[in-house]
Amino acid sequence: MPAQRRSGPPGPRTQPPTAAYVTLAGADWLASASRFPRSVHALWADNPAAPLVLPCGTVFDVVGVPALFGRRVLDRLWAGGPGSGPVAVQRGRLLLFAAPGTAQRLPALLGWEEWARAMPPLLCHGTGDAVTVPPLYPQGEEEPVPPASRWLVAPEVRHPWLPDAEVLLWACVRVARAAADAAPAGPAPSAPATPPLGGPVAEPPAPAPVTSTSTLSPR
């Protein structure tokens with residue numbers, strides 16, 4: 001399958017699109033990930049509320065992150081630019097649709113990044129993997145709870161812009177740094193209970209001053 005042409009990153013918007021349903025152009029993009037896009041459209045025509053399994057690696061890769069961390073990464077992508085591609089919610093995790101090759105490159109970049117230890121595990125799905133995408137349309141408003149699988153940022157165009165490994169890496173690093181800055185300071189180390197044998201008895205050191213820490217900033 002030939003490489004897909006993609007538009008540039010989003011413009012000056014600082015908030016993700018609010019559409020929770022897939023447009024016809026977005027459905028064409030999703031179906032193009034399959035070797036049989038017409039069959040995908042036929043399945044959706046019969047049951048547009050059904051989730052579907054699609055392969056990764058050619059049209060998109062997918063990075064799965066825990067929901068809370070993923071929301072902060074998504075906020076960072078939109079607050080500081082350049083925005084995100086489609087995003088789905090899947091059983092307590094966020095699925096960030098990324099440029100092909102991200103699933104292979106992102107773990108390598110994280111291996112060189114000291115802040116990787118402060119991040120939760122990222123599940124990268126690329127060539128040879130498949131993911132379950134949510135239904136084209138959201139659940140009805142009469143449903144008491146949100147569905148386990150739904151679009152948070154639904155595909156809207158035939159060639160959506162997708163973040164690459166570097167974009168996702170630095171968004172994750174900034175979220176990890178912000179969380180570390182917001183964490184409370186640890187206790188000061190205590191003085192030894194007894195002086196060394198034969199040494200002078202010194203006064204215990206004064207306790208270290210407690211400094212306040214800033215709260216987590218969305219930016």
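Note that the structure is predicted; figures quoted are calculated from it, not measured.

### Quick word on unusual backbone geometry
- Residues other than glycine seldom take positive phi values, yet Arg91 does so here, at roughly 50°.
- Within the secondary structure, Arg91 is located in the loop between strand 3 (87–90) and strand 4 (93–98).
- By relative accessible area, Arg91 is classed as exposed at 70%.

### Observations regarding the packing of helix 3 (residues 67–80) against helix 5 (residues 165–182)
- Direction vectors running N to C along helix 3 and helix 5 enclose 115°, while the axes themselves pass 9 Å from each other. With respect to their mutual orientation, helix 3 and helix 5 come out roughly perpendicular. Helix 5 is crossed by helix 3, and the crossing has right-handed handedness. Residues Phe69, Arg72, Val73, Arg76 and Leu77 of helix 3 form the contact with helix 5, whose own contacting residues are Val167, Leu168, Ala171, Cys172, Arg174, Val175 and Ala178.
- For the contact of helix 3 with helix 5, the residue count by class is nine nonpolar, no polar and three charged.

### Describing the confidence of the model for the protein
- Of all residues in the protein, 70% have pLDDT values of 70 or greater, and the mean over the chain is 79.
- The model gives residues 10–14 a pLDDT under 50, and that stretch makes eight contacts with residues more than four places away or in other chains.
- Contacts of residues 188–219 to residues separated by more than four positions or lying in other chains number 20 contacts, the stretch itself having pLDDT below 50.

### Considering helix 3
- A rise of 1.5 Å per residue sets the reference length of helix 3, with its 14 residues, at 20 Å; its end C-alpha atoms lie 20 Å apart and thus fit the reference within 8%.
- Along its buried surface, helix 3 packs onto strand 2 (61–66), strand 3, strand 4, strand 7 (149–153) and helix 5.
- A positive phi of about 80° marks Gly81, the residue just after helix 3.

### A short note on the sheet that holds strand 2
- The five strands lie next to each other as 5-2-4-3-7, forming an open sheet whose pairing is antiparallel. The open sheet has two edge strands, strand 5 (123–125) and strand 7, and neither has a second partner. Each strand of the sheet is rotated relative to its neighbour by a mean of 25°, with strand direction disregarded.
- Sheet analysis places strand 3 next to strand 7, joined by four bridges and oriented antiparallel. In the sheet register, Val87 faces strand 7, and the bridge partner there is Val153.
- Contacting strand 2, strand 3, strand 4 and strand 7, helix 3 crosses the sheet at an angle of about 120° to strand 2.

Analysis parameters
- Residues numbered from 1 in each chain as written.
- Predicted model: local features only at pLDDT ≥ 70, side-chain atom pairs only at ≥ 80, totals over all residues.
- Heavy atoms only, no water.
- Helix = DSSP H or I, 4+ residues; strand = E, 2+ residues; numbered from the N terminus.
- Buried < 20%, exposed > 50% of the residue type's maximum accessible area, 1.4 Å probe, protein only.
- Axes fitted to C-alpha atoms, helices over the stretch in contact; angles between N-to-C directions.
- Parallel < 35°, antiparallel > 145°, perpendicular 65-115°, else oblique.
- Left-handed = near helix turned anticlockwise from the far one by under 90°.
- Contact = heavy atoms within 4.5 Å.
- Nonpolar A, V, L, I, M, F, W, Y, C, P; charged D, E, K, R; others polar.
- pLDDT = per-residue confidence, 0-100.
- Expected span 1.5 Å × (residues − 1).
- Pairing = 2+ DSSP bridges.

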